[in-house]
Amino acid sequence: MSDPTETLDALGLLCPLPVLKARKRLKSMPEGSVLRVLADDPAAIIDVPHFCIESGYQLLSQDDADGHQIYVIQKTG
């Protein structure tokens, strides 16, 4: 697994803001980059993987830590 290029702190943001902010950040990143997203919105568990599938990005990992979720997403072509 690649090390994250950038981290997006979406803690405290409610749906759909974590996904919208991830989309905006990934759009500006070069292909192959890896974004780590921190989120605590319960809907993110469904929204982030769905966003990756719909956008063609690869969800490298999805973990829980200290009351929030950590998503690692790779920007693919």
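Scroll up a little and you will see the structure.
In short, a report on the structure. (Residues numbered from 1 in each chain as written. Predicted model: local features only at pLDDT ≥ 70, side-chain atom pairs only at ≥ 80, totals over all residues. Heavy atoms only, no water.)

**Let's talk about the environment of L59**
Position of L59 among the secondary structure elements: in strand β3 (residues 58–65). The spacing of L59 and R36 is 23 residues in sequence and 10 Å in space, taken between C-alpha atoms. Residues within four places of L59 in sequence aside, it is in contact with P49, C52, Y71, V72 and I73. (Helix = DSSP H or I, 4+ residues; strand = E, 2+ residues; numbered from the N terminus. Contact = heavy atoms within 4.5 Å.)

**Thoughts on the sheet that holds β3**
Pairing is mixed across the open sheet formed by 4 strands, whose spatial order is β1-β2-β4-β3. Strands at the two margins of the open sheet, each flanked by one partner only, are β1 (6–10) and β3. Averaged over all neighbouring strand pairs, the angle between strand axes comes to 20°, with direction disregarded. Pairing of strand β2 (residues 34–39) with strand β4 (residues 68–74) involves 6 bridges; the strand directions are antiparallel. Bridge pairing links R36 to V72 in β4. Its contacts with the sheet put helix α1 (residues 17–27) on β1, β2 and β4, and the angle it makes with β1 is roughly 155°. (Pairing = 2+ DSSP bridges. Axes fitted to C-alpha atoms, helices over the stretch in contact; angles between N-to-C directions.)

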